[in-house]
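# Structural characterization, general
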Amino acid sequence: MTLKGPKRTLDLVVAALMLVATSPVLLVALLAVKASSPGPALFSQIRVGHGGVLFRCHKLRTMYRGTPSLPTHEAPSQAVTAVGKTLRRAKIDELPQLWNVLRGEMSLVGPRPCLPTQTELVERRRALGVLSALPGITGLAQIRGIDMSDPRLCAETDAEYLRTASIGLDLKILLGTIYRA
């Protein structure tokens, strides 16, 4: 993938514009999370990033405080708050990751960052060279409906994205993510 300059420019411009444009929505969501259940409105979780380096990925808290740190597909459904269900459905819970993009820890589009405990996925990604990319807020696997419950398929789809990456593909994935919400 040789799009580092243009891709980073796209990330910075779009993330900054989205933070400004969505700030009223983010504020309302923060207040709704805070009012609906005890605990902080923002949630930070250690994830596997570029080169396998760990970083703090930021999200709006959608689960009750004290829920074990598990991949989304393994977390009990009753752990998700009523407000959290709405935020997840609309993808609003991901908006704080725009800060991760501005900090250079994530990209708008790339392989979704996984937990360090998802060792099979981490190793498959390492073997396929996927860890050479910045993780993304969304990616090819997400618009295809593939989650991390199938580490092989997820890693192979991430590798496919890296082989075919282009600004055009990133824009297609971003639009696909918006219309899946």
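Look up a bit, the structure's there.
What you are looking at is a predicted structure, and each value in this text was computed from that prediction instead of being measured.

## Regarding unusual backbone geometry
- The phi torsion at K91 lies on the positive side, around 65 degrees, for a residue other than glycine.
- Tracing the chain through its elements places K91 in the loop between α2 (82-89) and α3 (97-102).
- Judged by relative accessible area, which is 36%, K91 ranks as partly exposed.

## What about the environment of H58?
- Examined against the element boundaries, H58 turns out to sit in strand β2 (residues 54-60).
- With a relative accessible area of 23%, H58 lands in the partly exposed category.
- Separated by 34 residues in the primary sequence, H58 and P24 place their C-alpha atoms 18 Å from one another.
- Discounting residues that sit within four places of it in the chain, H58 has contacts with F43, S44, P96, Q97 and N100.

## Side note on the nonpolar core
- With 28 residues, the main nonpolar core has L98, L108 and Y161 as its most contacted residues.
- Of all the secondary-structure elements, those providing two or more residues to this core are α1 (4-36), β2, α3, β3 (107-109), α6 (151-164) and α7 (167-180).
- It is α1 that contributes the most residues to this core, five residues altogether.
- Other than its neighbours up to four places away in sequence, L98 contacts A15, M18, L19, L108 and I137.
- If you look at the next biggest cluster of nonpolar residues, it comprises ten residues, including C114, L131, A141 and A155.

## Structural notes on empty space enclosed by the protein
- In this structure the tally under the stated criterion is one cavity of 30 Å³ or more.
- Of the voids in this model, the largest cavity is the one considered here, and its volume is about 50 Å³.
- V48, G49, H50, P111, P113, R125, V130, L131, A133 and P135 together form the lining of the largest cavity.
- Here the lining of the largest cavity is composed, by residue class, of seven nonpolar, two polar and one charged.

About the criteria used
- Residues numbered from 1 in each chain as written.
- Predicted model: local features only at pLDDT ≥ 70, side-chain atom pairs only at ≥ 80, totals over all residues.
- Heavy atoms only, no water.
- Helix = DSSP H or I, 4+ residues; strand = E, 2+ residues; numbered from the N terminus.
- Buried < 20%, exposed > 50% of the residue type's maximum accessible area, 1.4 Å probe, protein only.
- Contact = heavy atoms within 4.5 Å.
- Core = buried A, V, L, I, M, F, W, Y, C linked by side-chain atoms within 4.5 Å.
- 1 Å grid on protein atoms, 1.4 Å probe; cavity = no way out; pocket = protein on both sides within 12 Å on 5 of 7 lines; lining within 4 Å.
- Points joined across faces, edges and corners; volume = space filled by probe spheres on them.
- Nonpolar A, V, L, I, M, F, W, Y, C, P; charged D, E, K, R; others polar.

Geometry only, nothing functional implied.
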